[in-house]
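Residue strings, one per chain:
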Amino acid sequence: MVEAQIAETCRHRGWELHAVNCRSNHVHAVVTAPGVHPKKVRTDLKAWATRRLRETNVARNNWWAERGSVRYINGEDSLAEVVAYVMEAQDRQLAPTRSVSEGIGSDGFDAAAPRRPR
């Protein structure tokens, strides 16, 4: 249900959904949304998924952590690695991409950002 709603939200907003994987206690989504701040993408995905989850009538007030991770992807190779991680390798302790903190640079890329350990 969550994966389907994330896909629908991306279609509605005109964002490109590269991968989504809903786990028992979290969701990973890889989205390209040109010109949209990553926090808005995260907020919209969580809001619409919450609406669908509430339709299940499960007595629960909070479905998500207050925040959530936002990472920028640097190039096609990194995108391919992230998609593979989201779809196939989340149970590993490895983080496959270089990332930067939220809000760095107007385009979100920081060539000087160190690679995370493999």
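Cut-off values and rules
Residues numbered from 1 in each chain as written. Predicted model: local features only at pLDDT ≥ 70, side-chain atom pairs only at ≥ 80, totals over all residues. Heavy atoms only, no water. Salt bridge = Lys/Arg side-chain N within 4 Å of Asp/Glu carboxyl O. Helix = DSSP H or I, 4+ residues; strand = E, 2+ residues; numbered from the N terminus. Buried < 20%, exposed > 50% of the residue type's maximum accessible area, 1.4 Å probe, protein only. Expected span 1.5 Å × (residues − 1). Arc of directions from axis to C-beta. Contact = heavy atoms within 4.5 Å. Pairing = 2+ DSSP bridges. Core = buried A, V, L, I, M, F, W, Y, C linked by side-chain atoms within 4.5 Å. pLDDT = per-residue confidence, 0-100.

### A few points about the pattern of salt bridges
- Counting across every chain of the model gives 4 salt bridges.
- Between Glu 8 and Arg 11 there is a salt bridge whose closest N-O contact spans 3.1 Å. With Glu 8 and Arg 11 both in helix H1 (residues 2-13) and 3 residues apart, the pair spans about one turn of that helix.
- Residue Glu 8 is classed as partly exposed on the basis of its relative accessible area, which comes to 37%.
- Notably, a salt bridge pairs Asp 44 with Arg 13, separated by 2.9 Å at the nearest N-O pair.

### Considering helix H3 (residues 76-88)
- Given a rise of 1.5 Å per residue, 13 residues ought to cover 18 Å, and the 18 Å separating the end C-alpha atoms of H3 matches this to within 8%.
- Buried within H3 are the following residues: Ser 78, Leu 79, Val 82, Tyr 85 and Val 86. All buried residues of H3 project into a common sector of 125° when viewed along the axis, lining one side. Within H3, the exposed residues directed more than 90 degrees away from the buried face are Glu 76, Asp 77, Ala 80 and Glu 88.
- Each element contacted by the buried residues of H3 is listed here: strand S1 (16-22) and strand S2 (27-32).

### Looking at the pairing of S1
- The sheet contact formed by S1 and S2 spans 6 bridges and is antiparallel. Bridge assignment links Cys 22 to a residue of S2, and that residue is Val 27.
- With antiparallel pairing between neighbouring strands as the criterion, S1 and S2 make up a hairpin whose turn holds 4 residues.

### Observations concerning the environment of Lys 39
- When you line up the elements, Lys 39 lands in helix H2 (residues 38-54).
- Note on Lys 39: relative accessible area 39%, which makes it partly exposed.
- Along the backbone, Lys 39 and Ser 69 are 30 residues apart, and their C-alpha atoms lie at a distance of 9.3 Å.

### Looking at the nonpolar core
- By size, the foremost hydrophobic cluster in this structure holds 11 residues: Val 2, Ile 6, Cys 10, Trp 15, Val 20, Ala 33, Val 41, Leu 45, Ala 49, Leu 53 and Trp 63.
- It is H2 that provides the largest number of residues to this core, a total of 4 residues.
- Setting aside anything within four residues of it in sequence, one finds Val 41 in contact with Trp 15, Val 31, Ala 33 and Val 36.
- With 7 residues, the next largest nonpolar core counts Ala 19, Val 82, Tyr 85 and Val 86 among its residues.

### Describing the confidence of the model for the protein chain
- Scored by pLDDT, the protein chain comes out at a mean of 76, with 75% of its residues at no less than 70.
- Between residues 94-118, whose pLDDT stays under 50, and residues either more than four places distant or in other chains, the model counts 46 contacts.

### With respect to H1
- With 12 residues, H1 ought to run about 16 Å at 1.5 Å a step, and its terminal C-alpha atoms sit 16 Å apart, in line with that.
- When H1 is considered as a whole, its buried residues turn out to be Val 2, Gln 5, Ile 6, Ala 7, Thr 9 and Cys 10.
- The inward-facing, buried residues of H1 contact S1, S2 and H2.
- Following H1 by one or two positions, Gly 14 adopts a phi angle in the positive range, close to 80°.

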